[in-house]
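Structure at a glance
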Amino acid sequence: MARRSRTRLPLGPALLRAVPAVVLCVVLVLALTVLNALTAGPIQQGRTQRELARLQTVMPGADSFSETWFDHSKADSVLAAFSDLELVGYCVTVTTQGFGGPMQLLVVVDAGGSGTGVMLLSHRETGEMGALAGEQEFLGQFIGKSGTVRVERGTNAIEAISGATTTSRSVTEGVNAALAVVTELQSGEVQVGEEGTV
C-alpha cells in the first residue's frame, strides 16, 4: 500500500483573519458586563419602588413593608406592613390550585385579623372566568372577613362566580390560607423575624 502524503496548510493567515473576530467578541462581552453593572442598581431600585407602590395600593396606610421569617406551607411570602413603625397588617402571597392550574393571590389582612383586600396576581383560568375572579365585585366580598370563609353556605360566606364555582372555591381557599397564617403569626405559633424592608 502506498502512503498518501498530507499537505499542511499554513495556519498563519487563517489565525490572522480570526483575531479581529475574537477581539470584537471580547470587547462586546466587556461592554455588556460594564453596562449590566451600571444599570443593575437603578433597575432593582425601580422594581422596589414599583413593588412598594403596588403594596401601598392594597394597604394604603402603610409606609413600609418588612418580609417576615416564617416556616409555613400555606404561604409563599408574608410581609408585615407598618405605618410610622406601628404594625398595621400583613400582605400574604399564597398559591392555590384553580380550575386551570395554579392561582397566585395577594391577600391583605389588617392587624385585627380581617381581610382588607385581595389581588389576583396570576392564574390559568379560562379567559372570561379568570377575568371575573380578578374583578372587585367578586374579590370585594372578602373585605372584613376573618376566620374561615365559605362559598355560598353558612355564616361568613361569599357568593361564587356563576359558572366558576371551582375558581371561586380556589380563591376562597387562598384567602383562608392567608387568614390562617396571620392568625398563627399573631398567636406566636410561627416565629417572625425581620429579613428586609421594602
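Computed from a prediction, not measured in an experiment: that's the story for all the values here.

1. With respect to the pairing of strand β4 (residues 102–110)
Pairing analysis gives nine bridges linking strand β3 (residues 86–97) to β4, with the strands arranged antiparallel. Residue pairing in the sheet places Gly89 in a bridge with Asp110 of β4. Here β3 folds back onto β4 in antiparallel fashion, the turn holding four residues, of which Gly101 has a positive phi close to 140°. With six bridges joining them, β4 and strand β5 (residues 115–122) adopt antiparallel strand pairing. Residue Val109 lies in a different strand from β5, and its bridge partner there is Gly115. Remark: four residues form the turn of the hairpin made by β4 and β5, two consecutive strands paired antiparallel; Gly113 in that turn has positive phi of roughly 95°.

2. Observations concerning helix α4 (residues 165–187)
Between its first and last C-alpha atoms α4 spans 32 Å; for 23 residues at 1.5 Å apiece the expected length is 33 Å, and the two agree. Gly188, located one to two residues past α4, shows a positive phi value of around 85°.

3. So, the confidence of the model for the protein chain
Per-residue pLDDT for the protein chain averages 81, and the proportion of residues at 70 or more is 82%. Model confidence for the protein chain, summarised as mean pLDDT per element, is weakest for strand β8 (residues 194–197) at 45 and strongest for β4 at 93. Counted against residues more than four places away or in other chains, residues 190–198, with its pLDDT under 50, gives 31 contacts.

4. What to know about the nonpolar core
Side chains that are nonpolar tend, in soluble globular proteins, to be buried together. Counting residues in each nonpolar core, the largest one holds 32 residues, and the members touching the most others are Val92, Val94, Val107, Phe142 and Val171. Mapped by element, the contributors of at least two residues to this core are β2 (77–83), β3, β4, β5, α2 (127–133), α3 (136–139) and α4. By residue number, the principal contributor to this core is α4, which donates eight residues. Val171 has contacts with Met103, Leu105, Phe138, Leu139 and Phe142, leaving out every residue within four places of it along the chain. In this structure, Leu55, Val58, Leu79 and Leu106 belong to the second largest nonpolar core, which totals ten residues.

What counts and what doesn't
Residues numbered from 1 in each chain as written. Predicted model: local features only at pLDDT ≥ 70, side-chain atom pairs only at ≥ 80, totals over all residues. Heavy atoms only, no water. Pairing = 2+ DSSP bridges. Helix = DSSP H or I, 4+ residues; strand = E, 2+ residues; numbered from the N terminus. Expected span 1.5 Å × (residues − 1). pLDDT = per-residue confidence, 0-100. Contact = heavy atoms within 4.5 Å. Core = buried A, V, L, I, M, F, W, Y, C linked by side-chain atoms within 4.5 Å. Buried < 20%, exposed > 50% of the residue type's maximum accessible area, 1.4 Å probe, protein only.

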